[in-house]
Amino acid sequence: MSTTTMKSNKLSATFARCKAEGRAALMPFLTCGYPSLSRFEEITQGVVAAGADVLEIGFPHSDPLADGPVIQKASHVALEQGFKVTAAFAALQRLSGLGVPLVVMCYSNVVLRYGLERFISEAASSGVAGLIVPDMIVEESDAARSLCRQHGVDFINLITPTTSSARAKDIVAASSGFIYVVSVTGTTGARTELDPNLPKMVSLLKSQSEIPVCIGFGVSSPEMAAQLSEIADGVIVGSKLLNLIDAAKAGTEQDKAIEFVRQLRQAVERKQ
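Structural notes, computed from the coordinates. For every chain, the first residue of its written sequence is number 1, and the numbers climb from 1 along that sequence. Whole-chain, interface and lining totals are the exception, using all residues; otherwise, since this is a predicted model, local features are given only for residues with pLDDT of at least 70 and side-chain atom pairs are given and counted only at 80 or more. To obtain the side-chain values, all non-hydrogen atoms of the structure were used and water was disregarded.

## A look at the packing of helix α11 (residues 222-229) against helix α13 (residues 253-268)
The N-to-C vectors of α11 and α13 enclose an angle of 35 degrees; their axes lie 8 Å apart at closest approach. In this structure, α11 crosses over α13, and the sense of that crossing is right-handed. On α13, the residues that touch Pro222, Ala225, Ala226 and Ser229 of α11 are Phe260, Gln263, Leu264, Ala267 and Val268. When residues are grouped by polarity, Ala, Val, Leu, Ile, Met, Phe, Trp, Tyr, Cys and Pro land in nonpolar, Asp, Glu, Lys and Arg in charged, and all others, Gly among them, in polar. Its residues placed into classes, the contact of α11 with α13 shows seven nonpolar, two polar and no charged. Here the axes come from fitting lines to C-alpha atoms, over the contacting stretch only for helices, and the angles between their N-to-C directions go from 0 to 180 degrees. By the criteria applied, helices consist of DSSP H or I runs no shorter than four residues and strands consist of E runs no shorter than two, each listed in order from the N terminus. In this scheme the handedness of a crossing depends on how the near helix is turned from the far one: anticlockwise by less than a right angle means left-handed, clockwise means right-handed. We call two residues in contact whenever any of their non-hydrogen atoms come within 4.5 Å of each other.

Shown next, in the form of structure tokens:
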């Protein structure tokens with residue numbers, strides 16, 4: 001088996017394993033370089049040990065359009081500390097040995113300024129299994145998707161509550177790895193309630209494709225994660241986790257992250 005094929009199968013193998021275990025995959029989100037690059041790596045290691053199946057790693061951006069105040073703050077802190085894409089890939093290379101797929105979320109102007117082919121090539125070399133570019137629409141992603149296929153990186157698209165059925169079908173057809181369902185209208189951030197239309201949306205997507213469906217944006221508690229695990233193949237938790245890290249006393253960030261991720265992992269296993 002080629003290296004490219006092995007990389008492209010990393011996400012599908014993880015979802016297949018979780019499905020065989022009768023549960024959804026747990027996917028925490030962390031901002032690369034937050035609260036510092038060294039602390040980010042330490043926290044990431046703890047999160048994996050606590051039960052993460054996949055890691056979504058956000059690359060900081062000065063104007064994160066899809067992100068709420070918590071992730072905006074994390075991006076700002078990382079940028080102030082001198083975040084660089086080259087350093088991020090070096091960190092991911094070190095973290096690739098943790099044994100879970102790494103999915104990078106990065107806005108298009110960061111990717112394009114770095115160089116599309118260079119970015120995707122270096123992402124693949126760093127062990128990245130999937131790429132999310134939230135502001136790159138399907139009609140503008142042909143080149144990115146082609147390069148991702150060449151390098152064995154899944155190109156993951158988002159679908160929101162306002163996406164039409166016809167549009168969703170086009171997005172699904174252009175996706176690999178998994179479909180990222182945005183659970184709320186608006187930016188990222190912890191919510192107290194789930195959209196009652198989510199089950200119908202997920203059911204429709206599952207009828208169109210065998211690609212796993214993961215839900216993110218707004219997941220704030222183990223109870224919500226347990227609810228979503230009943231309908232989705234994966235549950236993504238970001239803002240609440242970063243909020244706990246932000247509120248933790250210096251030196252205790254990893255402990256707080258581990259505790260929360262353990263609770264989330266127990267939650268997605270409840271339906272067994």
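## As for the pattern of salt bridges
A side chain with one charge can pair with a side chain of the opposite charge if their charged atoms come near. What counts as a salt bridge is simple: a side-chain nitrogen of Lys or Arg found within 4 Å of a carboxyl oxygen of Asp or Glu. Evaluation of the coordinates by the stated rule reveals 14 salt bridges. Residues aspartate 53 and arginine 23 are paired through a salt bridge, measuring 2.8 Å at the closest nitrogen-oxygen approach. In this pair, aspartate 53 sits in the loop between α3 (37-50) and β2 (55-58) while arginine 23 sits in the loop between α2 (10-20) and β1 (25-31), placing the two residues 30 residues apart along the sequence. Of the two residues, aspartate 53 and arginine 23, both sit in the buried class. A salt bridge links glutamate 122 to arginine 118, with the shortest nitrogen-to-oxygen separation between them at 3.1 Å. Placement of both glutamate 122 and arginine 118 in helix α7 (residues 116-125) is noted, with a separation of four residues, approximately one turn of the helix. Note on glutamate 122: relative accessible area 26%, which makes it partly exposed. Among the charged side chains, a network of salt bridges with common partners joins Arg17, Glu21, Arg23, Asp53, Arg265 and Glu269. Throughout, exposure labels follow a simple rule: accessible area from a 1.4 Å probe, protein chains only, divided by the maximum for the residue type, with under 20% read as buried, over 50% as exposed, and the rest as partly exposed.

## Quick look at the nonpolar core
What makes a nonpolar core is a set of buried Ala, Val, Leu, Ile, Met, Phe, Trp, Tyr and Cys residues whose side-chain atoms join them at distances within 4.5 Å. Judged by nonpolar contacts, the single largest core of 96 residues is most densely connected at Leu30, Phe59, Leu92, Phe119, Leu131, Phe178 and Leu205. Tallying contributions element by element places α13 first for this core, with seven residues.

## Describing the sheet that holds strand β4 (residues 128-132)
A strand pair is defined by DSSP finding two or more bridges across the two strands. Strand order in the open sheet formed by nine strands is β5-β4-β3-β2-β1-β9-β8-β7-β6, with parallel pairing between adjacent strands. Every other strand in the sheet has two partners, leaving β5 (154-156) and β6 (158-159) as the edge strands with one partner each. Where β6 lies against strand β7 (residues 179-182), two bridges are found, and the strand directions are parallel. Counterpart to leucine 158 in the pairing with β7 is tyrosine 180. Strand contacts of α13: β1 and β9 (234-237), with the helix running at about 155 degrees to β1, the strand carrying the most contacts.

## Thoughts on the pairing of β2
On β2, burial covers both faces: Leu55 and Ile57 on one face and Glu56 and Gly58 on the other are all buried. As judged from the four bridges shared by β2 and strand β3 (residues 102-105), these two strands associate in the parallel manner. Following the sheet pairing, isoleucine 57 is matched in β3 by valine 104.

## Thoughts on the environment of valine 138
Mapped onto the fold, valine 138 is located in the loop between β4 and α8 (142-151). When its relative accessible area of 14% is taken as the criterion, valine 138 is described as buried. C-alpha of valine 138 to C-alpha of alanine 50: the two residues are 88 residues apart in sequence and 35 Å apart in space. The residues touching valine 138, leaving out its near neighbours within four places in the chain, are Arg145, Arg167, Ile171 and Ala174.

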